[in-house]
Amino acid sequence: MTPPELPVTTEASPRAGGFATRTPEKLCVENVSLRFGGIRALDEVSFTVAPGSLHALIGPNGAGKSSCFNVISGLYRADDGRVRLGETDLTGLAPHKLAGLGVGRSFQNAALSPGSTVLDNVMLGRHALTRGGFLEVGLRLPWTVRAERRHAERVREICAFLGLGPVVDAPVGALPYGAVKRVDLARALAVEPVLLLLDEPAAGMNASETAELAGTISEIRTELGISILLVEHDMGLVMGIADRVTVLDFGRRIADGTPAEVQSDPDVIKAYLGTEAA
Amino acid sequence: MSDSAVSEVDTLPETAEPARPRRDPAKLVRTAAWLALLVVLLALPLYLDAAWLKAGQYMMIGAVGAIGLTLVVGQAGQLSLAHAFFLLAGGTAYTVLSGPTGDDRVIGFGLDPGLSLLGAVAVAALLGLAFAPVAGRLRGIYLGVASLALVFLGLYFGQSAEELTGGTSTGRTPAPFSLFGFPFTNDGPQLALLGVPIRAAERMWYLFLLLTVIAFVIARGAAGGRVGRSWRAVRDNEAAAAVMGVSVLRAKAGAFAVSSAYGGLAGAMTVLWFDILKPDESEFGTYGINVSIAFLAMVIIGGLGSVPGALVGALIVNGLPQVLALYSADLGWFSGTGDGALTPVLVSSFVYGAAIILVVLFEPGGLAAIGRRITQRRFRRQPPEEP
Amino acid sequence: MNTFLQLVVNGLGKGAVFALLALGFVIIFKATEVVNFAHGSLVLFGGYLVVVTRDALGWVGASLVGIVSAGVLGLLVERLLLSRSRHADANSLALLTIGVDVMVTEEIVRRLGVTLPFLGGAWDAKPFQLGGITLFRTHLVALGVAAVLITAFWLAFKYSNWGVAMRAQAENREAAALMGIRSSRVTATAWLVAGLLAGVAVLFIATQDFSGAGLSRGTHSIALAAFPAAILGGLDSTAGAVVGGLVVGLVEALSAQYVSFDFSKSAVFLVMLVVLVVRPSGLFGTRERTRV
């Protein structure tokens, strides 16, 4: 059975310049440092995510991967260094500006509203693509109603692509863990990102679920042509689909290259001593 | 790949619905029920006498206030104990804006009552916005206690700004409401509907009903759409909300402004209902902490975040003392005076105090959650959190 | 200058009482993360038991009964209501305490009716002069008692099994449970202690010196000052509670004199607001860090 396709959106969004016309740009992390009190969570970390590529950020626990993500997302403020998406400087931007720039993100702990439906949760991702304050939405002005319907259609498409079609109106709290992670992914996609940040998407999944996820992520990359930055522990997932891998340890970058290069890097093997490096 | 996707979905409870229910029976029934209720409410003045209409109006004041509070506390997750302050602000603003200009004792601007009502709502909203930066920095219970500060400030303001409020001993009378010259008192054109004269009590009933319906519909619409979604996201996980494009500070500020606007409207309705604006002498009065708590009780009992729940909560908390007072004459209850006497207000306080305890103990989702479970059993689906 | 000194001394005396209330409040919060909106009713309940047993037992006996009863009420609220709420989180439990507060307060006020009994000891209403300033004995006794109790509590908190258990539970509930700490015992004791402290506090509040008013709804309002005191100090800091209480007492005394009596209540909350704006978790509270 062939999986449902994820149609690239061609309709213009309410704002001038629909997202379909956006081309992904490279993400440059330049000498980013982050300190928590005396601890250096990130120490002059630099790497580049080429546009349209699948880039993985790996490292042992506590290496600073999530901190790096949070800096890129604007949730943490770096003490030093810059983050650039193409020409735009992301450093120091308020986190809520990023969705509007096409940066979508999924979370380690899914961070969803369990009492709301899948549709409702994923629709949150459309927030930056819509307008309307309390009175406009409350009075159900025709344009807000129309926009809501249109975005809901798109969200249903995204959910169907991720196999969430049948449960789109079910409360998230009632779903099994794997489905919950997919809702989180759907929400990140709903932002219509040019850069997708995935924070341990395979956490808690078994082998077959992980393999399936790998396929989904690859497919997202090929069909949408967007850049994906992936933080992961699971080596199988990473080495199988990533174009490039950056390895962190104790907040420092210790390797950066193709999966094959990184796998045979002695520093990487040392950092993972005791764990199988392949 | 999709095989395992499908199988995962198969393990879900069988109540999962197909992707797009075109004709949702539950929704049609619900809309029909609301319309039926509206018809009944429109017809009630033809059958009830003025005392009962007055009681109903008081419940509607509660409804308007409770709707605003449930939006900020239940949807946006911001605990506010300041509601009484916004009632005072709205009531004062209405009275000042519509008050006569030539009075020596108090200030008035002589504006049209309809405009004054809008002005009262606007003033309250602005005050809510002014507090929002403070609210944005505070979390959870710290915010709740900080909002108490507003009630005390309001108390002090009421006592000292006598040219505006009339002072605690005398107070001042608000201008009677009129819309485009049509007075909502016993004066003006003598109307009758099906043989029943439509005088002050009936006219005020319809006015309050109109305000309540508008308040309800707008709140419901907003909660179900983009705005409510952003509030719930802020409530459940601020970081995730921010990353999805929601400006957390703006969302919180907006929720506060909306809730204060509703509070201000309820306040204007309050002074019209009492036919006087009289600030309290202590923090326990018409605009005191007890009132903030009463509104919070309405919201808890109804279910945090549920707009219809807020209506039912208001019915109970504001309705009970009124109904008891009306029946007490017939039943001979509450005839005792002096020490230890039970009064309608006292009994109602017991009831809603107990109701809060029961709700938290057994069904933290309040009456809304109970209602959802009943409809679920009838329509065999798992309905999500109702906005 | 004399007026100022007098205000400071008496303000500190009142502050000592607020410190006791705030301390109890913080103990509950540290053990359970629940904000106890029913603290005022613990105060009223203890006071009411004093009134009821005074004729039979005399002041000392009645006061002991009052203190113990307040503790018992706290214990009962925790055992019968809070621990039974399986699915409620800390915020919902805080709302539950609102319900308790409404019920207990209304019932006691109803029983008191129009009587406003004073609860002070023999030292009440006998001010004396010392170096040009008027001192109120109640405040001095309060300072002494509070000093003793707070020291005793601090010692227990630092060195006793219960204190260690409580600190462990406040730090990390799950780990503490895994280490064998009976969370129910810690919680119940916390509520008991908070109630006892409230029972002590009421003996000083419902006096001529402190409030000029006997036990009444006004007592509940006065006890409300425990909230800004605890918040100002930081909800999870016992030291903060003591500091907060003293600050509240001082602010109230000074503002009542230099601005107006009506303003003093607002002044306390205003000061709290100012502190919160600068330090959103209170002076000594720990800042929350959300993990993403």
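Residues numbered from 1 in each chain as written. Chains lettered and ligands numbered in written order. Predicted model: local features only at pLDDT ≥ 70, side-chain atom pairs only at ≥ 80, totals over all residues. Heavy atoms only, no water.

With respect to the overall build of chain C
Keep this limit in mind: A run of H or I in DSSP becomes a helix once it reaches four residues, and a run of E becomes a strand once it reaches two; helices and strands are each numbered from the N terminus. Atoms considered for the radius of gyration are the C-alpha atoms alone. The globule rule reads 2.2 Å times the number of residues to the power 0.38. Two residues form a contact once any of their heavy atoms are found within 4.5 Å. Note on areas: Shrake-Rupley, 1.4 Å probe, and residue coverage restricted to the protein chains presented here. We treat Lys and Arg as the positive residues and Asp and Glu as the negative residues; His and chain ends play no part in the count. For the purpose of locating charges, the reference atoms are NZ of Lys, CZ of Arg, CG of Asp and CD of Glu.
Check the secondary structure of chain C and you find 11 helices and two strands. The order of helices and strands in chain C, counted from the N terminus, is α-α-α-β-β-α-α-α-α-α-α-α-α. Relative to the compact-globule value of 19 Å for 292 residues, chain C shows a C-alpha radius of gyration of 19 Å, a close match. Structurally, chain C occupies a C-alpha span of about 60 × 45 × 35 Å along its principal axes. A separation threshold of at least 6 residues defines the contact pool for chain C, and within that pool the share at least 24 residues apart is 75%. Here chain C displays about 12000 Å² of accessible surface, and carbon together with sulfur accounts for 64% of that area. For chain C, the separation between the mean place of its 21 positive charges and that of its 15 negative charges on side chains is 6 Å.

Considering the overall build of chain B
The criterion, for reference: Classification of residues uses two cut-offs on accessible area relative to the type maximum, computed with a 1.4 Å probe and protein chains only: under 20% is buried, over 50% is exposed, and between them is partly exposed.
Counting secondary structure elements, chain B contains 16 helices and four strands. Taking all 387 residues of chain B together, 56% fall into the buried category. Pairs at least 24 apart in sequence give 72% of the contacts found in chain B among residues at least 6 apart. As displayed, chain B has an accessible area near 15800 Å², and 65% of this comes from carbon and sulfur atoms.

Quick look at the packing of aromatic side chains
Threshold: Only the six-membered ring of Trp is used, alongside the rings of Phe and Tyr, when aromatic pairs are assigned; centres must lie within 6.5 Å, and planes under 30 degrees apart are stacked while those over 60 apart are edge-to-face, with the rest tilted.
Per the counting criterion, the structure on display carries 18 aromatic pairs over all chains. With a centroid separation of 6.4 Å and 80° between ring planes, the pair formed by Phe 134 of chain A and Tyr 262 of chain B is classed as edge-to-face. Taken as a pair, Phe 134 of chain A in helix H3 (residues 134-138) and Tyr 262 of chain B in helix H12 (residues 248-274) lie in two separate chains rather than in one. Measuring from ring centre to ring centre gives 5.1 Å for Phe 153 of chain C and Phe 157 of chain C, while their planes differ by 25°; the resulting arrangement is stacked. Taken together, the positions of Phe 153 of chain C and Phe 157 of chain C, both in helix H4 (residues 137-159) and four residues apart, correspond to about one turn of that helix. There is no split in this pair, since Phe 153 of chain C and Phe 157 of chain C are both buried. A connected cluster of aromatic rings, assembled from ring pairs, spans Phe 134 of chain A together with Trp 231 and Tyr 262 of chain B.

A short note on the pattern of salt bridges
The test is simple: The salt bridge definition used is simple: a Lys or Arg side-chain nitrogen within 4 Å of an Asp or Glu carboxyl oxygen.
Applying the stated criterion to the full structure yields 23 salt bridges over all chains. Between Arg 187 of chain A and Asp 184 of chain A there is a salt bridge whose closest N-O contact spans 3.2 Å. Of this pair, Arg 187 of chain A and Asp 184 of chain A both sit in helix H5 (residues 177-190), three residues apart, which is roughly one turn of that helix. Side by side, Arg 187 of chain A and Asp 184 of chain A carry an identical accessibility label, which is buried. Its salt-bridge partner being Arg 217 of chain C, residue Glu 106 of chain C comes within 3.0 Å of it at the nearest N-O pair.

Focus on helix H2 (residues 39-82) of chain C
Stated precisely, the cut-off is as follows: In a helix, the anticipated span is given by 1.5 Å times the number of residues less one. To get the bend at a given residue, fit one axis to the seven residues ending there, fit another to the seven starting there, and take the angle between those axes.
With 44 residues, H2 of chain C extends only 14 Å from end C-alpha to end C-alpha; this falls clearly short of the ideal 64 Å at 1.5 Å per step. Of all bends in H2 of chain C, the biggest is about 135°, found at Leu 57 of chain C.

A look at the pairing of strand E8 (residues 227-231) of chain A
All names here are of chain A. So the rule is basically this: Here, a strand pair is defined by DSSP locating no fewer than two bridges between the strands. Viewed with both strands pointing away, a crossover whose connecting path from the first strand over the helix to the second turns clockwise is right-handed.
Along E8, five of the five residues are buried, which leaves the element largely enclosed by surrounding structure. Side-chain alternation along E8 places Ser 227, Leu 229 and Val 231 on one buried face and Ile 228 and Leu 230 on a second face that is also buried. Strand direction decides the pairing type here: strand E3 (residues 54-58) and E8, joined by four bridges, are parallel. Directly across from Ala 56, in E8, lies its bridge partner Leu 230. In this structure, strand E7 (residues 195-199) lies alongside E8, joined through five bridges in parallel fashion. The residue bridging Leu 196 from the neighbouring strand is Ile 228, located in E8. With respect to chirality, the unit in which E7 leads through helix H6 (residues 207-224) into the neighbouring parallel E8 is right-handed.

Looking at the state of the cysteines
All names here are of chain A. Convention followed: Our working definition of a disulfide is a cysteine sulfur pair at a distance within 2.5 Å.
Under the definition given, this model contains zero disulfides over all chains. Of all cysteine sulfurs in the structure, the one in Cys 68 sits closest to Cys 28, which takes part in no disulfide; the separation is 13 Å. For Cys 28, a relative accessible area of 11% translates into the label buried.

A look at the side chain of Ser 147 of chain B
Residues and elements named next belong to chain B. Here is the rule: Pairing of N or O atoms within 3.5 Å defines a polar contact, subject to two protein rules: one partner must be a possible hydrogen donor and the other a possible acceptor, and residues neighboring in sequence count only if both atoms are side-chain atoms.
Positionally, Ser 147 belongs in helix H6 (residues 140-160). You can call Ser 147 buried: its relative accessible area is 0%. There is a polar contact of 2.8 Å between the side chain of Ser 147 and the backbone nitrogen of Leu 81. Once residues lying within four places of it in the same chain are set aside, the contact partners of Ser 147 are Leu 79, Ser 80, Leu 81, Ala 82 and Phe 131.

Some details on the pairing of strand E2 (residues 39-49) of chain A
Relative to E2 of chain A, strand E1 (residues 27-36) of chain A runs antiparallel, the two being bridged by seven bridges. Residue pairing for E2 of chain A: Val 32 of chain A is matched across the bridge by Val 45 of chain A.

Side note on a nonpolar patch on the surface
Residues and elements named next belong to chain B. Selection rule: Patches here: salt-bridge-free residues with over 30% relative accessible area, like charges joined within 9 Å, nonpolar side chains (Val, Leu, Ile, Met, Phe, Trp, Tyr) joined within 5 Å.
A cluster of nonpolar side chains, Ile 107, Phe 109, Leu 111, Leu 115 and Leu 118, forms an exposed patch at the surface whose accessible area comes to about 490 Å². Structurally, Leu 118 can be placed in helix H5 (residues 113-137). Accessibility expressed as a relative area gives 59% for Leu 118, which makes it exposed.

Side note on the confidence of the model for chain C
To keep things clear, this is the line we draw: Known as pLDDT, the predictor's per-residue confidence is scaled from 0 to 100.
Residue-level pLDDT values for chain C average 87, and 98% of them are 70 or greater. Across the assembled chains, the prediction reports ipTM 0.88 with pTM 0.89.

Regarding the sheet that holds strand E10 (residues 252-257) of chain A
Residue and element names in this part refer to chain A. Where we set the bar: Lines fitted to C-alpha atoms define the axes, with helix axes restricted to the stretch in contact, and inter-axis angles between N-to-C directions lie between 0 and 180 degrees.
Strand order in the open sheet made by the six strands is E6-E7-E8-E3-E9-E10, with mixed pairing throughout. The strands lining the two open edges of the sheet, one partner per strand, are strand E6 (103-105) and E10. Averaged over all pairs of adjacent strands, the angle between strand axes in this sheet comes to 15°, irrespective of strand direction. As paired strands, strand E9 (residues 244-249) and E10 are joined by five bridges and run antiparallel to one another. Residue pairing across strands places Leu 248 opposite Arg 253, the latter belonging to E10. In this fold helix H1 (residues 65-72) packs onto E3, E6, E7, E8 and E9, with an angle of close to 145° to the strand it touches most, E7. In this fold H5 packs onto E6 and E7, with an angle of close to 160° to the strand it touches most, E7.

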